[in-house]
Each structure stands twice: as structure tokens, then as C-alpha cells.
Amino acid sequence: MSRAVVVSVAIFINVAAIAQFPSLPPDSVVDQPGRWANNIHVEGSFVHNANSIYNELPLALYQAEFLDRDLRERSMEAVEANSRNTVGQVLAARVSWMGRDCFLDRRHWRPLVSVAHHDQTGTYFTEDLYRVTFFGNASFEGERADLGPSAFTQIRYQTVGAGIQEDRSGSYVRVDVVNGQSITKADVDWAGVFTGTDGRVLRASILGDFFQSDTAGSYFGRTNGVGLAISGRWASAIKWVRPIDLSFEVQDLGFARWNGNAVRIEKDTVIAFEGFEVANIFDLDDVLLGEEQLRDTFGLRYSTGGFTSLLPFRASASASMDLSPRWRGTLSLDQRYLPGYVPQVVLSGSRRCGSHTLIGASLSYGGFGGLCIGLASRIRFGERVLVSIGTPHVAGFFMGKARGAGVGFGVSVGF
Amino acid sequence: MENARTHGLVALVLTIISVAGSGCRKEGTRPQWDVDLLAPLVRTALTIRDVLPDSVLTIGAAGSLTLLYRTDLFVLDLDTLLNAPDTSFIYAYVLPLPDSLNFPPGTTFFSENDVTEFDLQDLALRDLELREGTLQLSLKNMVSSTVIGTVDLPGVQFPSGSSAMNASVGPGTPANPAFASASRDLAGSVFDLTGPNYNSVNTLATSIGAQLDPTGTGAWISDEDSLIAKVTYQGLVPQYARGYFGSRTVHVGPEVSNIGLFNNVVGGTIDVDEVALRIRLENGFGVDIQVAIDHFTAVNTLSGGSVDLTHSIIPGPINLNRALDLGGGFTPSVYENELDNDDSNLDLFLESLPDQLSFELDVHLNPLGDISNGNDFLYYESKLKASLELELPLRLIANDLTLQNTLVPDLPGSAEAHGLQSCGLMLFATNGFPFSAHLELDIINGDGQVLSNIPVAGTIASGLLGVNALVQQSIESRLEAQLTTEQVDLLYAGGRLRTRVAFTTADQTQHLQILDSYKLDLQITAAANYIVNGDE
């Protein structure tokens, strides 16, 4: 099986969302908004992106393979070329129901109920951190490895929310209750490890924090924290040479309060380690590589206590206009509250094919990665079923040395 | 119908989402990759106190160290001289007439005076005070009345001041006798063993009697009726004994005494400058004693070698005076003799690096007979003790003196899965001792067989000697050893790491003094190839 196929299969079976892949603009012919009294929408997406490491590395990590040295070195070369390296993944799945109008004379405002799962990871790191992580510190003999600034956040949470949605423009507002499943968060402002010649000393200086939710369990369905979030979208049209549809959206702007069993390490310290001091060189039985002793020596004992974190909200803005009766262009900008994520610009074009199909392509830059070319399509089957599928980076399916990949899938059923 | 199709589609999509996500992932496993780690492991300062315990070291002028090792060689306590076995005496009464007689209540129908003689073999005791012991009177009664039995020991004074004890037994018949017994603690009792006429030894006057219950109705006693009384002395432990203990010989040995001085030494030689051995014999018995040492041998069980100590006290004899009886206590007599390498072969004896001392000797009691006129004595605390004190100034010449230690490394992971693949060890030494050290590393199995040798490059150089033959400057050295993947696997498979360090003094022509201030600073670092998540 070729690498491209493996990438494709691996990503596809991890399913996920419409919101991430090149969004196709609303189309009144294909979408037929407001036609059905009730609408159920299921969507899922998975997006991975990076500005340096190649897809083959995270894929091998995900598949729990042995990472051979060549594989790690290929990404190493790319990491060396960057001053700031970023990687991130966003996995999301959502089921929504939009009901019949119920707000008296406002017949286009409809009730909205939504359940979603989120698994988001973002990180930025230094070249030395990558080298120490994947090759060890031996190559830094007599040198200092700069491990910061680096940051990492991985958060998993579920939301259950209700709101209202305008069925023609897609504007909505929704309030969600948040179930915090787990969070791991590290923020290293500065860190360096000096490895002495022949390993005679390890001298580390670090300024950073580490937080983790209750380590007793982080499986799906567990509640390690609770919170609240609000999401909303405002869409409107302005008149220019041609009408321009503007929209502004924020998703999951809120917080989670993690329970008192959460752990943390906050360090602003300098450590010099020259080996464990032993009283008797002839009695080393319990000295070698004792994890507890390492924790004591390096001050890695956790303290416990609850803490509050912002959710990895996403803010976006987009503008789209008709370029011809069948062509439409869209420019969007978005930002996520995740380490390593920079504002992403997406330029996309879509074309309606007949009355049932919309296809589009996108060119994006930013986010966790670099330049990506995406494809998307929305097809109406019969009168009631609308299926969406797309990818933000086509090359990710075919080139192991590509950076970034993703897939989105959605089904909307009206009745 | 449409609703049904819609719900079916939603259910299908939800199912796909819920089961997806782990498709290509190996369940329960984590990714692995190898990294090259370089880090310090341990550091320590090694002094002579890490090799020899503080309890055997003394510090002299200018910090010079002397080894002072004391050990008990043997102890003979009172069991060796006096052993009083459990002893029983039986007394029986039968009516001496073929008829039957009626005895009124309170009649003493049986009374007998006896002389009890204890079997104490060679001992002829006149006085005995007991620390422990029990006197038991057992009665078997076939008389149809309650009977009160009495044993009276005129030669014994119980702590209460009396000399008699009673026991009561209910009525019985020849076909169905009654039994009863009573006992009393003899601790603190004083026995006069000179007999009723005060001219015997090991002898005790005893009176025994039986009386019908004075509150009863009396009894008809026939020749078929009888009373049997048994007097038992058991568990006798003397607190004090006096008499003549006999002229006899107690053989001791062959015995082996382990010494822990050279347990870790497995090879090489030492040459000591001077050494002294003090032998101390302490006689706590009131008996003249003569000790004849058959042999006193240093045994090195590892090499199989042995050296017999030669000195005028071997075979001797060594005469020990009797202890002094203070009445309630005693003062032992003491014999001390100091041997050195001028009047004996003590240096050779010690240089054989013994881990055992073997000896055999005869202890003669009263070699001149009963010169105390029956006034030998012993107390419970009396002992014949022999002890040694070795004084060895740590001024020596060592040549490949090899110390061995074996450890089972506590490594993370298991034989099946371990992250550690190969490992280079670097040892950095700053040596302030006047000897060099050569290091050998082997992986051995549980039987001590070498499975693999770990080559070690380099030697710990000796400290730099000054004109006074003392270390003037510490010297730094670096040693390297490389554990291959196969050797790491051996350690994970249960192999043990055996370390041998061979010490050689810097100057082989003169004895070098070891000072308390000498030390060897060690640091071990590791350059390891390690597989992340490999321990799982």
C-alpha cells in the first residue's frame, strides 16, 4: 500500500468537519435553505497541519510504529529551516437539529440544538526541542539545547448547546454547556539544557508551566471539568460593484474549570545535575534510573488544584461575492486560540454545476502550516439530503513529504 | 417512510463516527524511536570507611589509620562443667500384714527417711543454690480415704524458709486409684548436699510421709491397698555450686570462626608492616584450668590456602588461675598475651587474607587435683572466654589486592521490553589514595559463572606521593566501558554485574600509610542508546 493511500485511509477514518475544510459559500439553488421545517445536520472533520514536519512523522506516531532515523531526519531538515515550528490537529464531530420556526412573526429564526465533540492539539517548538526529543541530548555534548520558547496544548471536550439560527443566511447564536474530558498544557517561556563534555553535568534552566487535568482518567465520557461557551455567526450582505456577503463567526468562546485533582508544575529555576549522590559506590542496586529519585532531583513533583482555562475558540471572518452566474469567490480569515496557530487566510472559488452540485477549490496560508490547496463539494441527493465532502490540502493524500492533510464530511437531512 | 429513511441515515453516520478513530492504530501500543542520551548517573566520594566499618578503625597521630578488630573465639559456660539431669525418686507403701486394719482419721500410716544421691558424674558438690528448677510430688492413692502426702528435705532451704511440701490426693481403690500432684518452684532454694551426717557429697536427706485426712472418717487398709509417691527434681539450673569439680579434660573443636575483614577480597597480596594479636582468656570458674591449643589456623576458603599460627603458646599449655569467690559474685582470672610479627608468623598468618579462623584445643580442669579441698565453685555467670584483638596499622604494600562486589541492577523495563539498548559508561576518578586501581566488569549468572566480560579501558592512577611517602596530590583518571546490546540483554535476563577492583600501592618497595583524609572521588556518566516507550 502506497504511503499516499495509507495517509488517505488513516485520515479518512478519523472523520470530521465541515467547518475546517474549504467552506463553500451558501448557495440558494443547491442548499434550498428554509425549505424544510426540520433539518438534522451531522458533520465531522479532521485537520492536521504543520509548517515543518512532514505528514509521515505524525502518521507514524499515530500508528504507533517504530520511527526509523531516516524518517525523523527528513523532518529534522525541515525543522532546521524554520525559526518557529508549529504543528496542530483539530478533530471535531457535531450533530445539530434545526427545527421549525417558533418565534412568532420571525419565521426564519429557528431553534437550534447541537451536540459536539472536540479534540484539539496545538504546539510550537524549537529546533533543539525536536532534536532532543527525537534524537536525544548526546549531540549537544558541550553545548546548550534551547528548548524554548515552546508550548503545547491538547484539549478534549464535549458541548451540548441550544440557540437560534436564521435559516437563510446561516446567522446563529448558541450557548453550550461544556464537559471537560482532559487537558494537557505546557508553556515554556524559556528553557535550556547544557550537556557537559562526557555527560559530566546536565545544567538546566527553565521558566515554564505545566498543567494537566485529573490524571486518574481521561477517557471519553469522563468529566474532569465543566464550563460554558458561546458561539455565534452574523452574516449580512453589503452592496458594492456586486453584492458582497459578509460573515463573522466565533465558535466555543468560553472556559472550562478543571477539578481539584488537576496537577501542575510551575518552574522558574536552574538545576545542575552531576549524578545521584550515593553513600556507597558498592551499593547501587536501587540507584540506577529510579523514577521517584529523578522526580525529586529535578523538582518534578506535581502540586494539585483546580484551574480554569479558555477553550480553544475560533474566530473567523469571510467575504464572498458572485463572480458570474455560476462562479463565486470567497476570502476568509480565521484564528484559533491554540499554540502555534497563526491567522489563516483562505481564498476560494466555487462553481455551481446544475442545480444539485457545488464544487470548489481553495488556496490557504497560515494556521498551523503553510500553503495548502483544498477541494470541496456539496451535492444534493434528491430533495432532502445534502452531502458535503472536502479536504483542505489535496497533496496530503498523495505525498508523504507533504505537510498537512485533512478531510471533512457532512450530511444534512431535511424533513 | 421518509422519516424512517432519515433516521436510518443519521444512525449510520453516528455509528461510523463513534467506531472510527482507531482504525490503523495498534491497540495498546505507543510509538517508539531510539535516542542517544548522555547524562551523569552517580557520584560519590570513597574513603577507607566505605571499605571497612568505622567500628574497626582508629585514628592515630596525623590521621594515620589502624585497624582494630575484635572477635570472640569461644565461650564455655557452666553447662560444660555442671549439668544436673532431671531426677526422680519413687517411694511406695503397702500394709505389711495379710489382713486389714482400721486407721482413724489423722493417722500417719506411712513415714520414711531416705538419703537421695544425685548422679553428677565427676562432680562432688557440697552446696548448690538453684536459679531455676521445680520439685514435684506425685501421689497414687488406693486407700479409701483422702491422704495428705508430705516430703520434707531437711538439707534444703526454700526461699519461704520451710523445707517441706505437701500434696493431697482423694480416696481410691486398687481397681480405681486416685492421682494428684503438687509442685513448687525451686528458684532461690539452697541445697546442702553433704547428706544427713554432713560428710557426703551430692547427697540430700529426704523424709516422706502420708497421713489420713484428719477431717475424714478414717479407712480400712489392707495389703492390697497401697500408696505410691514420686519426688521429681526437674529443670535444675544452678546459680551457685561448690564442691570438687573433678580433674578432667574438655575438648573444644575443631571449630571455625568467621571473620568479616576480608570477605570482599578475592585476589592479590598484601604485605603488612607490623601487626599485633592480643589473645585474652578469662576464667570465671573457681577451678584451675590449663589450656592446650592444638592448632590455630588462618583459612582462606576462596584460595584454599591456610597458615598455622606458630608461637610459644601453641601448643602451650596456658595456665589459668581459678576465679576469686567474693560470696555472691566472683572476679575472673585473666590471661593475656600479645603476639607480633617478631615472635610469631603473624604477618604471614594475616597476609593469607583469611575469612575463617580454625582452632582446636583441650581445656584441663584441676590439672593438679583437688587442691582447693572441695572448694571449687561456679556461678551462673561463670564462663571461660577466649577473645582476640587484632591491631593492624594500615601501612602496607598491596599488589593487585582485588575487592569484588556483585549487584543486580535495578533497570527499567523487562527482559521482553526494555528501552535501554546499549550503554557506554565513563568513570571519572580523582584519586587521593596511594594506590592505583584496575577495574574489571563481568556479567555473571546466579552461580557466579561469567557470561560476558565488559572491557574497561583505562586505570585509576595512584595519587602522587611526596617525599614522606604520603599522597601529596590527587590524580584524575578516566575509564570507559561499553555495554553492547547483547550485554544489556544479559542484564535484563537476570545477569548480575560483578565489579572487581584491583588495588596496587604506588611504591612496591616500602609500606605506605593510609590516612583518614584520603579519598577517591568518583563520577559515572552514561552514553546510552535508549528506545522511547521501549519499557512498555
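Rules behind the numbers
- Residues numbered from 1 in each chain as written.
- Chains lettered and ligands numbered in written order.
- Predicted model: local features only at pLDDT ≥ 70, side-chain atom pairs only at ≥ 80, totals over all residues.
- Helix = DSSP H or I, 4+ residues; strand = E, 2+ residues; numbered from the N terminus.
- Rg over C-alpha atoms; globule rule 2.2 N^0.38 Å.
- Buried ≥ 20, exposed ≤ 12 C-beta atoms within 10 Å, placed from the backbone.
- Contact = placed C-beta atoms within 7 Å.
- Domains from an automatic or database assignment.
- Nonpolar A, V, L, I, M, F, W, Y, C, P; charged D, E, K, R; others polar.
- Core = buried A, V, L, I, M, F, W, Y, C linked by C-beta atoms within 7 Å.
- Pairing = 2+ DSSP bridges.
- Axes fitted to C-alpha atoms, helices over the stretch in contact; angles between N-to-C directions.
- pLDDT = per-residue confidence, 0-100.
- Parallel < 35°, antiparallel > 145°, perpendicular 65-115°, else oblique.
- Left-handed = near helix turned anticlockwise from the far one by under 90°.
- Arc of directions from axis to C-beta.
- Expected span 1.5 Å × (residues − 1).

## Let's talk about the overall build of chain B
Right, so step 1: When helices and strands are tallied, chain B shows four helices and 38 strands.
Right, so step 2: Over its C-alpha trace chain B gives a radius of gyration of 40 Å, far above what one expects of a compact globule, namely 24 Å for 536 residues.
Right, so step 3: C-alpha atoms of chain B, sized along the principal axes, occupy 115 × 110 × 35 Å.
Right, so step 4: Residues counted as buried form 32% of the 536 residues belonging to chain B.
Right, so step 5: Taking the intrachain contacts of chain B between residues at least 6 apart in sequence as the baseline, contacts between residues at least 24 apart amount to 83%.

## Focus on the overall build of chain A
Right, so step 1: Across its full length, chain A holds six helices and 20 strands.
Right, so step 2: Split into buried and exposed, the 415 residues of chain A put 44% on the buried side.

## Regarding the domain arrangement of chain B
Residues and elements named next belong to chain B.
Right, so step 1: Structurally, chain B comprises domain 1 (33-64 + 397-532), domain 2 (70-80 + 245-393) and domain 3 (84-240).
Right, so step 2: The C-alpha centroid of domain 3 is placed 47 Å from the C-alpha centroid of domain 2.
Right, so step 3: Each side of the interface is counted separately: domain 2 has eight residues, and domain 3 has eight residues.
Right, so step 4: For the side of domain 2 that touches domain 3, the per-class residue count stands at five nonpolar, two polar and one charged.

## Some thoughts on the nonpolar core
Right, so step 1: In this structure, L227 and L378 of chain B are the most contacted members of the largest nonpolar core, which totals 147 residues.
Right, so step 2: Per-element accounting of this core gives the leading share, eight residues, to strand β15 (residues 226-244) of chain B.
Right, so step 3: Those residues in contact with L378 of chain B that lie beyond four places of it in its chain are L78, L81, L82, A241, F285 and G286 of chain B.
Right, so step 4: Of all hydrophobic cores here, the second largest spans ten residues; its members include Y157, I183, F211 and L311 of chain A.

## Some words on the sheet that holds strand β32 (residues 456-457) of chain B
Right, so step 1: Spatially, β11(A)-β1(B)-β38(B)-β29(B)-β35(B)-β32(B) is the arrangement adopted by the six strands of the open sheet, whose pairing is mixed. Looking at the sheet topology across the chains shown, the edges are occupied by β11 (276-277) of chain A together with β32 of chain B.
Right, so step 2: Pairing of strand β29 (residues 420-431) of chain B with strand β38 (residues 520-532) of chain B involves eleven bridges; the strand directions are antiparallel. Its bridge partner being in β38 of chain B, N431 of chain B is matched across the sheet by L520 of chain B.

## Quick word on the sheet that holds strand β13 (residues 203-212) of chain B
Within a beta sheet, neighbouring strands are joined by backbone hydrogen bonds and run either parallel or antiparallel to one another.
Residues and elements named next belong to chain B.
Right, so step 1: As summarised here, the arrangement of the four strands in space is β6-β13-β8-β10, forming an open sheet in which the pairing is antiparallel. Since the sheet does not close on itself, it has two edges, and those belong to β6 (108-117) and β10 (164-169), each with one partner. The sheet shows a mean angle of 15 degrees between the axes of neighbouring strands, direction not considered.
Right, so step 2: By the bridge criterion, six bridges tie strand β8 (residues 147-152) to β10 in an arrangement that is antiparallel. Following the sheet pairing, V147 is matched in β10 by V169.

## Considering the pairing of strand β2 (residues 85-98) of chain A
Residue and element names in this part refer to chain A.
Right, so step 1: Within β2, twelve of the 14 residues are buried, which leaves it mostly tucked inside the rest of the structure.
Right, so step 2: Taken together, the two bridges between strand β1 (residues 39-50) and β2 define a ladder with antiparallel strand orientation. Each bridged residue has a counterpart across the sheet, and for N49 the counterpart in β2 is G88.
Right, so step 3: Pairing of β2 with strand β3 (residues 109-125), which is carried by 14 bridges, proceeds in the antiparallel orientation. Considered in β3, the bridge of M98 is made with L112.

## Things to note about the confidence of the model for chain A
Residues and elements named next belong to chain A.
Right, so step 1: Looking at chain A as a whole, the pLDDT averages 87, with 89% of positions reaching at least 70.
Right, so step 2: By mean pLDDT, helix α1 (residues 3-12) is the weakest element of chain A at 35, and strand β13 (residues 307-310) is the strongest at 96.
Right, so step 3: Confidence over residues 1-20 falls short of pLDDT 50; this stretch has 60 contacts with residues more than four positions distant or in other chains.

## Topic: the packing of helix α4 (residues 69-80) of chain A against helix α5 (residues 127-135) of chain A
Residues and elements named next belong to chain A.
Right, so step 1: Where α4 meets α5, the axes come as close as 10 Å, and the angle between the chain directions of the two elements is 170 degrees. It follows from the interaxial angle that α4 and α5 lie roughly antiparallel. As α4 packs across α5, the resulting crossing turns out to be left-handed. Here α4 contributes R72, M76, V79 and E80 to the contact with α5, which in turn contributes E127, Y130, R131, F134 and F135.
Right, so step 2: The residue inventory of the contact of α4 with α5, partitioned by class, reads five nonpolar, no polar and four charged.

## Concerning the environment of P174 of chain B
All names here are of chain B.
Right, so step 1: Structurally, P174 is set in the loop between β10 and β11 (178-185).
Right, so step 2: For the pair P174 and I313, spaced 139 residues apart in the sequence, the C-alpha separation amounts to 69 Å.
Right, so step 3: Sequence-distant contacts of P174, that is, excluding residues within four places in its chain, are made with M142, E224 and D225.

## Observations concerning the environment of L346 of chain B
Residue and element names in this part refer to chain B.
Right, so step 1: With respect to the element layout, L346 can be found in helix α3 (residues 346-351).
Right, so step 2: Overall, L346 belongs to the buried group, with 24 C-beta atoms counted inside 10 Å.
Right, so step 3: C-alpha of L346 to C-alpha of S387: the two residues are 41 residues apart in sequence and 16 Å apart in space.

## Considering helix α4 (residues 485-492) of chain B
Residues and elements named next belong to chain B.
Right, so step 1: Along α4, the residues that are buried comprise Q487, V488, L490 and L491. Along α4, the residues classed as buried sweep out an arc of 155 degrees about the axis, all on the same side. Counted as exposed and oriented over 90 degrees from the buried face of α4: T485 and E486.
Right, so step 2: Where α4 is buried, its residues contact β29, β30 (435-444), β31 (450-454), β35 (475-483) and β36 (496-505).
Right, so step 3: After α4 finishes, the residue G494 shows a positive phi value of roughly 110 degrees.

## Comments concerning the confidence of the model for chain B
All names here are of chain B.
Right, so step 1: Taken residue by residue, chain B gives an average pLDDT of 87. The fraction at 70 or more is 95%.
Right, so step 2: Put simply, helix α1 (residues 2-19) is where chain B has its lowest mean pLDDT, 35, and strand β23 (residues 330-331) is where it has its highest, 96.
Right, so step 3: Within the model, the stretch residues 1-24 combines pLDDT values under 50 with 25 contacts to residues more than four positions away or in other chains.
Right, so step 4: This complex was scored by the predictor with a pTM of 0.71 and an ipTM of 0.83.

## Some thoughts on unusual backbone geometry
Right, so step 1: The residue after G148 of chain A, namely P149 of chain A, is reached through a cis peptide bond having omega 5 degrees.
Right, so step 2: Mapped onto the secondary structure, P149 of chain A falls in the loop between β4 (143-146) and β5 (150-166).
Right, so step 3: The step from I314 of chain B to P315 of chain B runs through a cis peptide bond, and the omega angle for that step is 10 degrees.
Right, so step 4: With respect to the element layout, P315 of chain B can be found in the loop between β20 (306-308) and β21 (318-320).
Right, so step 5: Residue Y198 of chain B is not a glycine yet carries a positive backbone phi of 60 degrees.
Right, so step 6: What makes Y198 of chain B exposed here is the crowd of 11 C-beta atoms within 10 Å.

## Details of the pairing of β8 of chain B
Residue and element names in this part refer to chain B.
Right, so step 1: Of the two faces of β8, the one lined by V147, G149 and V151 is fully buried and the one lined by I148, T150 and D152 carries no buried residue.
Right, so step 2: Where β8 and β13 come together, six bridges link them in antiparallel fashion. Looking at the pairing, V147 lines up with L212 of β13.

## So, α4 of chain A
Right, so step 1: In a regular helix each residue adds 1.5 Å, so twelve residues correspond to 16 Å; α4 of chain A covers 16 Å between its end C-alpha atoms and thus fits that length.
Right, so step 2: For α4 of chain A, every residue scored as buried is listed here: R72, S75 and V79 of chain A. With its buried residues spanning 70 degrees around the axis, α4 of chain A presents them on a single face. Pointing more than 90 degrees away from the buried face of α4 of chain A are the exposed residues R69, D70, E73 and E77 of chain A.
Right, so step 3: Packing partners of the buried residues in α4 of chain A comprise α3 (56-62), β2 and α5 of chain A together with β1 (33-46) of chain B.

## Looking at the environment of G448 of chain B
Right, so step 1: Relative to the helices and strands, G448 of chain B is located in the loop between β30 and β31.
Right, so step 2: Put simply, G448 of chain B and R498 of chain B are 50 residues apart on the chain and 8.9 Å apart in space, counted from C-alpha to C-alpha.

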